[in-house]
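# Structure at a glance
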Amino acid sequence: MGKSTDIARAKARRLKGMIKESDGIALEDERLKAEGRKEQAEARREEALARAARGASHH
């Protein structure tokens, strides 16, 4: 899988987490909000790792 694809997948997952968190807020569902925040954090980490790997391969 290409690094750009990994970054795009992480961004999509982060967006999914944002939607999940937003739904949790709207529905007053603390579990759903927490899941959304966790998914966003994991996606940010994946995105950072993919960016670092892409940067390392350019040097």
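Anyway, here's the lowdown on the structure attached to this text. Position labels on residues start from 1 in each chain and follow its written sequence. pLDDT decides what is reported in this predicted model: residues at 70 or higher carry local features, side-chain atom pairs at 80 or more are listed and counted, and totals for whole chains, interfaces and linings draw on all residues regardless. As a rule here, side-chain values cover all heavy atoms of the structure and leave hydrogens and water aside.

Let us look at the overall build of the chain. Across its full length, the chain carries 2 helices and 0 strands. Each radius of gyration reported is based on C-alpha atoms, and the globular scaling rule is 2.2 Å times the count of residues to the power 0.38. Over its C-alpha trace the chain gives a radius of gyration of 14 Å, far above what one expects of a compact globule, namely 10 Å for 59 residues. On the principal axes, the C-alpha backbone points of the chain span a range of 45 × 15 × 10 Å. Expressed as a percentage of contacts within the chain between residues at least 6 apart in sequence, the contacts between residues at least 24 apart total 54%. Working definition of accessibility: Shrake-Rupley area with a 1.4 Å probe, residue cover restricted to the visible protein chains. With the model as given, the accessible surface of the chain reaches about 4300 Å², and the carbon-plus-sulfur share is 55%. For the purposes of this entry, the term helix denotes a DSSP run of H or I that reaches at least four residues, the term strand denotes a run of E that reaches at least two, and both are numbered from the N terminus. Contacts: residue pairs with any heavy atoms within 4.5 Å of one another.

Turning our eyes to something else, we now look at the pattern of salt bridges. The term salt bridge refers to a pairing of a side-chain nitrogen on Lys or Arg with a carboxyl oxygen on Asp or Glu at a separation within 4 Å. Going through the model one piece at a time under the given rule, you end up with 11 salt bridges. When the shortest N-O distance is used, the salt bridge between K20 and E39 registers 3.1 Å. Of the two residues, K20 sits in helix α1 (residues 3–27) while E39 sits in helix α2 (residues 30–57), which places them 19 residues apart along the sequence. For each residue, the accessible area found with a 1.4 Å probe, counting protein chains only, is set against the maximum for its type, and the residue is called buried under 20%, exposed over 50%, and partly exposed in between. Judged by relative accessible area, which is 9%, E39 ranks as buried. Across the salt bridge formed by K38 and E42, the nearest N and O atoms sit 3.9 Å from each other. With K38 and E42 both in helix α2, this residue pair falls 4 residues apart, about one helical turn. Classification of E42 by relative accessible area gives partly exposed; the value is 30%.

Before going further, it helps to spend a moment on a nonpolar patch on the surface. Nonpolar side chains collect at one region of the surface, where L15, M18 and I19 lie side by side and expose about 280 Å² of accessible area between them. Note on placement: L15 falls in helix α1. Residue L15 is classed as partly exposed on the basis of its relative accessible area of 49%. The patches reported here contain residues having more than 30% relative accessible area and no salt bridge. Joining distances are 9 Å for like charges and 5 Å for nonpolar side chains (Val, Leu, Ile, Met, Phe, Trp, Tyr).

Before going further, it helps to spend a moment on α2. Given a helix with a known number of residues, its expected span is that number minus one, times 1.5 Å. If you check α2, its first and last C-alpha atoms are 41 Å apart, about what 28 residues at 1.5 Å a residue would give, namely 40 Å. Taken as a whole, α2 has its buried residues at L32, K33, G36, E39, Q40, A43, E47 and A50. Contacts described as polar in this section are N or O atom pairs within 3.5 Å, which, within protein, must combine one atom able to donate a hydrogen with one able to accept it, while residues neighboring in sequence count only if both atoms come from side chains. Sitting at the head of α2, D29 places a side-chain oxygen 3.0 Å from the backbone nitrogen of R31.

By themselves, these observations are geometric and do not establish any function.
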